[in-house]
Amino acid sequence: MQHDVRLEQLDARPLAVVRRRASARELARVVPEACGLVWNVVRAQNLAGAGRHVALYWDDQINLEIGVELETPFAGYGEVVASATPAGPVAVLTHFGLYDRLHEAHRAIRRWCANQGRDLAGPNWEIYGHWDDEWNADPSKIRTDVFYLLRPSGAETGRS
C-alpha cells in the first residue's frame, strides 16, 4: 500500500476526552467504547461544533485520550475532560482502509521521519473520518488521518 507522508504545521485543536491506559490488544475495544461515552456527553451537553473522533497517544505505554474534536474549549463533565491536540510540526498520513491496518500507517510515518532525519516529539494521534454508510460495503474507503508531533527543525525554530 502506498503511503504519502506530508509535513504540516498545526495549531492545537480543543477536545473533549476520557483518559485511558490500554494494551495494544485492548485498543479495538477501548477506543470505540470511549468514543461512545464522550459522544453521549457531547450530545447531552448540546455542545456546538463537535467534530470527528480522536485517539491521542501520549507515550509508548499507551496512555491515551479518546474523544471528540470541538470548535471551542470544553469545561468538562464527569470523567469527560478538556484537552487539545498538540501544536507544532507534524508528519501526517491519510490511511484508507480497515482500522486493523493502521499499524502500517504508523510504521510508514516513523520510517519517513527516520529517512528525513526528523525526530519524533512523543505524542501521536488518529482522527477518524465521520462514518459513511458506503464504508459498510467498501471498507477500503474508511478514512483515518494519522499525526506524529515532530521536534522543530532549525528552520521551524528560526535557528540554523
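Within each chain, residue numbers correspond to sequence positions counted from 1 in written order. Local features in a predicted model are, by the rule used here, given only for residues with pLDDT of at least 70; side-chain atom pairs are given and counted only at 80 or more, and totals for whole chains, interfaces and linings are based on all residues. Side-chain numbers come from the whole structure's heavy atoms, not from hydrogens or water.

Undergrad: I'm lost on the side chain of Thr 85 in this one. Help?
TA: Here a strand is any run of E in DSSP of at least two residues, a helix any run of H or I of at least four, and the numbering for each starts at the N terminus. Of note, Thr 85 is situated in the loop between β5 (81-84) and β6 (88-96). Of note is the side chain of Thr 85, whose polar atom sits 2.9 Å from the backbone nitrogen of Arg 13. Contacts: residue pairs with any heavy atoms within 4.5 Å of one another. Once residues within four sequence positions are removed from consideration, Thr 85 is found in contact with Asp 11, Ala 12, Arg 13, Leu 15 and Trp 125. Distance and chemistry together define a polar contact, namely a pair of N or O atoms within 3.5 Å, with one atom able to donate a hydrogen and the other to accept it when in protein, and with adjacent residues in sequence counting only for side-chain atoms on both sides.

Undergrad: Would you mind showing me how to read the sheet that holds strand β8 (residues 143-150) here?
TA: Strands belonging to one sheet form pairs held by backbone hydrogen bonds; the direction of such a pair is parallel or antiparallel. DSSP bridges decide pairing: two strands pair if at least two such bridges lie between them. Pairing within the open sheet is antiparallel, and its 8 strands lie in the order β1-β6-β8-β7-β3-β4-β2-β5. Each edge of the sheet is formed by a strand with only one pairing partner; in this case those strands are β1 (6-10) and β5. For this sheet, the mean angle separating the axes of adjacent strands, direction not counted, is 35°. Examined bridge by bridge, strand β2 (residues 14-21) and β5 share 4 bridges and lie antiparallel to one another. Following the sheet pairing, Val 17 is matched in β5 by Val 81. Convention adopted: a line fitted to C-alpha atoms gives each axis, helices being fitted over their contacting stretch, and angles between N-to-C directions are expressed from 0 to 180 degrees. Lying over the sheet, helix α1 (residues 27-44) contacts β2, β3 (53-57), β4 (63-69) and β7 (120-128), oriented at roughly 40° with respect to β4.

Undergrad: Whenever I open this one, the side chain of His 95 confuses me. Can you help?
TA: Position of His 95 among the secondary structure elements: in strand β6. For His 95, a relative accessible area of 1% puts it in the buried group. The cut-offs for exposure are 20% and 50% of the maximum accessible area for each residue type, with area from a 1.4 Å probe on protein chains only; residues under the lower value are buried, those over the upper are exposed, and the others partly exposed.

Undergrad: Explain the pairing of β3 here, please?
TA: Within a regular beta strand, the side chains point alternately toward one face of the sheet and then the other, so they alternate between its two faces. Among the 5 residues in β3, 4 count as buried, and that is most of the element. Taken together, the 5 bridges between β3 and β4 define a ladder with antiparallel strand orientation. Counted as the bridge partner of Val 54 is Gly 67 from β4. Between β3 and β4, which pair antiparallel in sequence order, lie 5 residues; one of them, Ile 62, sits at a positive phi of approximately 60°. Where β3 and β7 come together, 5 bridges link them in antiparallel fashion. Counterpart to His 53 in the pairing with β7 is Tyr 128.

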